[in-house]
Amino acid sequence: MAFEIRKREREGVVLLDLEGRLIVGDPAGQLREEILKLSSAGQNRIILNLQKVDFIDSTGLGAMVICFTTIKKAGGALKLLNLAERGIELLVLTKLTSVFEMFDDEQHAVNSFFPGREIQRFDILSFVQKQQRED
């Protein structure tokens, strides 16, 4: 399956719907290029919707960190939406849950860009506790 990026906007926030495997090679490069284009165009409020990403390797994870840094340096923010269980485990293992804001609801992710709006972040503590109970 080829890696695809679909761009859409909601209330001035760019949502990138990713699909496929975020891995070394073209997929990681595609993501970095798309983020650079958005940043150059002044679009620095971005949500990566990872609902249809079934695998992320170390290069894909590195690309996400590079994208986060690029957008942060431009004065914006990059947030994650609908991460699969394996992706969450990867972020927990690499301690990147302290870097990325994660959401499992699109409206809450969009709201997070607007001070004063109600938001509910992904509850990483509950996820980790559930994993520990299952082990």
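In what follows, the structure referred to is the one given above.
Residues numbered from 1 in each chain as written. Predicted model: local features only at pLDDT ≥ 70, side-chain atom pairs only at ≥ 80, totals over all residues. Heavy atoms only, no water.

Novice: Just give me the short version of the overall build of the chain, but keep the residues and values in it.
Specialist: Helix and strand content of the chain: five helices and five strands. Reading the chain from its N terminus to its C terminus gives the helix and strand order β-β-α-β-α-β-α-β-α-α. In terms of overall size, the chain behaves like a compact globule, its C-alpha atoms giving a radius of gyration of 14 Å where 135 residues would be expected to give roughly 14 Å. Burial statistics for the chain: of 135 residues in total, 41% are counted as buried. Look at the contacts in the chain between residues 6 or more apart in sequence, and 64% of them connect residues 24 or more apart. Put simply, the chain shows about 7,500 Å² of open surface, and 49% of that area lies on carbon and sulfur atoms. In the chain, which carries 18 positive and 20 negative side-chain charges, the distance between the mean positions of the two groups comes to 5 Å. (Helix = DSSP H or I, 4+ residues; strand = E, 2+ residues; numbered from the N terminus. Rg over C-alpha atoms; globule rule 2.2 N^0.38 Å. Buried < 20%, exposed > 50% of the residue type's maximum accessible area, 1.4 Å probe, protein only. Contact = heavy atoms within 4.5 Å. Areas by Shrake-Rupley, 256 points an atom, 1.4 Å probe, with all protein chains shown as cover. Lys, Arg positive; Asp, Glu negative; His and termini not counted. Charge placed at Lys NZ, Arg CZ, Asp CG, Glu CD.)

Novice: So what's going on with the sheet that holds strand S5 (residues 102–103)? Residues and values would help.
Specialist: Read across the open sheet, the five strands follow the order S1-S2-S3-S4-S5; overall the sheet is mixed. At either margin of the open sheet sits one strand with a lone partner, and together these are strand S1 (4–10) and S5. Both S1 and strand S2 (residues 13–22) contribute to a ladder of seven bridges, which runs antiparallel. Looking at the pairing, Arg6 lines up with Asp17 of S2. (Pairing = 2+ DSSP bridges.)

Novice: I'd like to hear about the environment of Gly25, residue by residue, with values.
Specialist: One can find Gly25 in the loop between S2 and helix H1 (26–40). Overall, Gly25 belongs to the partly exposed group, its relative accessible area being 45%. Residues Gly25 and Gly76, 51 residues apart in the sequence, show an inter-C-alpha distance of 26 Å.

Novice: Go over the pattern of salt bridges with me, naming the residues and quoting the values.
Specialist: Throughout the structure, instances matching the rule amount to nine salt bridges. Of the charged contacts in the structure, one is a salt bridge between Glu4 and Arg6, with a shortest N-O distance of 2.7 Å. Judged by its relative accessible area of 39%, Arg6 falls in the partly exposed class. Notably, a salt bridge pairs Arg8 with Glu106, separated by 2.7 Å at the nearest N-O pair. Note that Arg8 is positioned in strand S1 and Glu106 in helix H4 (residues 106–111), a separation of 98 residues in sequence. (Salt bridge = Lys/Arg side-chain N within 4 Å of Asp/Glu carboxyl O.)

Novice: Would you mind going over helix H3 (residues 85–93) in detail, with residue names and values included?
Specialist: For H3, the complete set of buried residues consists of Gly87, Ile88 and Leu91. Down the axis of H3, the buried set is contained in an arc of 100°. They therefore lie on one face. Across H3 from its buried face, at more than 90 degrees, point the exposed residues Arg86 and Leu93. Immediately beyond the C-terminal end of H3, within one or two residues, lies Lys95, with a positive phi of roughly 60°. (Arc of directions from axis to C-beta.)

Novice: Lay out the environment of Ser112 in plain terms, naming residues and giving numbers.
Specialist: With respect to the helices and strands, the residue Ser112 is situated in the loop between H4 and helix H5 (124–134). Residues Ser112 and Cys67, spaced 45 residues apart in sequence, show a C-alpha to C-alpha distance of 18 Å. Excluding residues within four positions of it along the chain, Ser112 makes contact with Lys79, Glu101, Phe103 and Ile119. A polar contact is formed between the side chain of Ser112 and the side chain of Lys79, at a distance of 2.9 Å. A distance of 2.5 Å separates the side chain of Ser112 from the backbone oxygen of Ala109, its partner in a polar contact. (Polar contact = N/O pair within 3.5 Å; in protein donor to acceptor, adjacent residues only side chain to side chain.)

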